[in-house]
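Close look at the chain arrangement
Residue-level listing of the chains:
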Amino acid sequence: MSTKPVRVLVLVCSTRPGALGPLVGQWLIETITSRAVELGVELVPVALGDLNLPFLDEEEHPSSGVYQHEHTRRWSAIVDAADGFIAVTPEYNYGMPATLKNALDYLSREWAWKPIGFVSYGHTSAGTRSVQHAKQVVTTLRLVPLGATIAIRIGDATENGRLRPDAARDTTGIGLLDELVRVAHALRPLRERAQAGALPGPLPGSYARRLTPDDAPQVTVLQRCCWVDEAVVNETMAIPALHESPEEVREWLATWHTTGIWLDGRLLGMVRTRRIDADWHLGRLAVVPDLRGQGLGRWLLHTAEAAAEPDCRRILLVTGSKSLRNIDLYHSEGYQSVPLASPDGTNSLTKDISVRQR
């Protein structure tokens, strides 16, 4: 699970002048802000009326992702960057307002595999029929509606146009946020798999993506479990990967291009690369111990080699001088050992990058 903050959009859906929605949205944000800080959540209020979205006016189907209008591209960017949503919605004639339906219809991929909670308000049904209507729509977009909801009966909850204090409602609001965050974390692997730049991985259901500094905790754990064997074989604990703190890992993740393989939220393996002069440096090739021998290491090696910049002349990597299993793998892939081992007990290997390989 990444440590990247969860971004939650609080969508105030009504655009009717004098509507209660802005007050309900303000109450919700004020109530859950302190809890959001504890959970590492970024709350982003969005009033649909401020988006100036006309009724759907895109020629291409939303699933194409081809948007002609700036208002659509702007809305797409806002939704794409979010990890979950809370819709503050009234009920109009047994259904959700047209503004919410229209905002949903504009997009497709951007909504997928993100949780959505509802805070409804109304008279007879406290807006619950609006939520029932909305749930039928959002599931089609692969949004995941929460079981936790808040329904506010206007006649009981307001006085002089303001919301009365209600401790029970406040507690329910915090519970709604808690559930939203748990589901957002659970769905993150599905969201990442669908993102641009993610590649199918070597195992069924796995995917590969570039690792970021937010992945430092997972990378730190992977290094700890993968380099113990290297320490035993090479009879040394002087292996940086075993001692780096999450902060140190975060630093190098910002400068190396690192590819990781993920499956169901678990980091299975990684490799990092960067260019130095005319050499393509490759390192930290790691696969979790329980999945070794299934081709993940070779897949990562090939992926790293394919990323070499066009005018690089060779690939350079380093491994322990007694890591015979690693050395055998690299030799089978065309790497040649540098004749003399380094004083620090490591062995350098190189591979020329031919025109044919490109």
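The next point concerns the sheet that holds strand β12 (residues 279–287). Taken together, the eight strands give an open sheet; going across it, the order is β8-β9-β10-β11-β12-β13-β15-β14, and neighbouring strands pair in mixed fashion. Every interior strand has two partners, whereas the edge strands, β8 (199–200) and β14 (336–337), have only one. Along the sheet face, helix α8 (residues 216–226) touches β10 (257–263), β11 (266–276) and β12 and points at about 95° away from the line of β11.

Moving on to the packing of α8 against helix α11 (residues 246–253). At a closest axis distance of 9 Å, the pairing of α8 and α11 adopts a crossing angle of 110°. One element, α8, and the other, α11, form an angle in the roughly perpendicular class. Packed against α8, whose contacting residues are A216, V219, T220 and Q223, the element α11 presents P246, V249, R250, W252 and L253 at the interface. For the contact of α8 with α11, a count of residues per class yields six nonpolar, two polar and one charged.

Here we come to unusual backbone geometry. Phi at N93 is positive, roughly 55°, even though this residue is not glycine. Turning to its location among the elements, N93 is positioned in the loop between β3 (84–90) and α4 (98–105). Residue classification places N93 among the exposed positions, given a relative accessible area of 78%.

So, about the sheet that holds strand β5 (residues 144–153). One open sheet accounts for five strands, arranged β2-β1-β3-β4-β5; its pairing is parallel. Of all the strands in the sheet, just β2 (41–47) and β5 have a single pairing partner and so form its edges. When the angles between neighbouring strand axes are averaged without regard to direction, this sheet yields 15°. The strands touched by helix α1 (residues 21–39) are β1 (6–12), β2, β3, β4 (115–122) and β5; relative to β2, the strand with the most contacts, the crossing angle is about 165°. Packed on one face of the sheet, helix α5 (residues 128–140) meets β3, β4 and β5 and runs near 155° to β4.

The next point concerns the pattern of salt bridges. The full count for this structure, using the stated rule, is 23 salt bridges. In this structure, R7 and E42 form a salt bridge, with 3.1 Å as the shortest nitrogen-oxygen distance. Within this pair, whereas R7 is found in strand β1, its partner E42 is found in strand β2, the two being separated by 35 residues in sequence. Note that D215 is salt-bridged to R209, the shortest N-O span being 2.9 Å. We classify R209 as buried; its relative accessible area is 10%. What emerges from the salt-bridge pattern is a single network uniting R35, E38 and D178.

The subject of this paragraph is the packing of α1 against helix α7 (residues 167–194). Here α1 crosses α7 at 45°, and the two axes come no closer than 9 Å. Compared by their axis directions, α1 and α7 come out oblique. At the point where α1 passes α7, the crossing takes the right-handed sense. Residues W27, T31, I32, R35, A36 and L39 of α1 pack against R169, D170, G173, I174, L177, D178 and V181 of α7. Here the contact of α1 with α7 is built from residues that sort into seven nonpolar, two polar and four charged.

With that out of the way, let us pick up the packing of aromatic side chains. With the rule as written, the count across this model stands at three aromatic pairs. On the basis of an interplanar angle of 70° and a centroid distance of 5.9 Å, the ring pair of W75 and W111 is categorised as edge-to-face. Taken together, the positions of W75 in helix α3 (residues 70–80) and W111 in the loop between α4 and β4 put the pair 36 residues apart, joining distant regions of the chain. For the residue pair W75 and W111, the accessibility class agrees, reading buried in each case. Grouped by ring-pair contacts, the aromatic residues W75, F85 and W111 constitute a single cluster. Over the aromatic face of W27 sits the side chain of R169, whose NZ or CZ is 5.0 Å from the ring centroid.

When β8 meets strand β9 (residues 207–210), the two strands line up antiparallel, connected through two bridges. Pairing of L199 across the sheet is with A208, part of β9. Connecting β8 to the antiparallel partner β9 that follows it, the hairpin turn spans six residues, and G205 within it adopts a positive phi of roughly 85°. As paired strands, β9 and β10 are joined by four bridges and run antiparallel to one another. Among the inter-strand pairings, A208 is bridged to a residue of β10, identified as I261.

Note on soluble globular proteins: their nonpolar side chains tend to be buried together. V219, W227, M270, L282, Y330 and Y335 are the most contacted members of the largest nonpolar core, which has 42 residues in total. By residue number, the principal contributor to this core is β12, which donates five residues.

The next point concerns α5. For α5, with 13 residues, the first-to-last C-alpha span of 19 Å sits near the 18 Å given by 1.5 Å per residue. Taken together, the buried positions of α5 are occupied by S130, V131, A134, V137 and V138. Against β3, α4, β4 and β5 lie the buried residues of α5. Where α5 terminates, the next one or two residues include R142, which has phi positive at roughly 65°.

Below, the discussion takes up the layout of surface pockets. Looking at the largest pocket, its volume works out to about 1300 Å³. Contributing to the lining of the largest pocket are 44 residues, with W227, E230, L285, T319 and N326 lying nearest its centre. Breaking the lining of the largest pocket down by element, the ones donating at least two residues are α9 (228–234), α10 (240–243), β12, α12 (296–306), β13 (314–320) and α13 (324–332). When residues in the lining of the largest pocket are grouped by element, the largest group, seven residues, is from β12.

About the criteria used
- Residues numbered from 1 in each chain as written.
- Predicted model: local features only at pLDDT ≥ 70, side-chain atom pairs only at ≥ 80, totals over all residues.
- Heavy atoms only, no water.
- Pairing = 2+ DSSP bridges.
- Helix = DSSP H or I, 4+ residues; strand = E, 2+ residues; numbered from the N terminus.
- Contact = heavy atoms within 4.5 Å.
- Axes fitted to C-alpha atoms, helices over the stretch in contact; angles between N-to-C directions.
- Parallel < 35°, antiparallel > 145°, perpendicular 65-115°, else oblique.
- Nonpolar A, V, L, I, M, F, W, Y, C, P; charged D, E, K, R; others polar.
- Buried < 20%, exposed > 50% of the residue type's maximum accessible area, 1.4 Å probe, protein only.
- Salt bridge = Lys/Arg side-chain N within 4 Å of Asp/Glu carboxyl O.
- Left-handed = near helix turned anticlockwise from the far one by under 90°.
- Phe/Tyr/Trp six-rings, centres within 6.5 Å; stacked < 30°, edge-to-face > 60°.
- Lys NZ or Arg CZ within 6 Å of the ring centre and 35° of its normal.
- Core = buried A, V, L, I, M, F, W, Y, C linked by side-chain atoms within 4.5 Å.
- Expected span 1.5 Å × (residues − 1).
- 1 Å grid on protein atoms, 1.4 Å probe; cavity = no way out; pocket = protein on both sides within 12 Å on 5 of 7 lines; lining within 4 Å.
- Points joined across faces, edges and corners; volume = space filled by probe spheres on them.

Everything listed here is a matter of geometry and, on its own, says nothing about what the molecule does.
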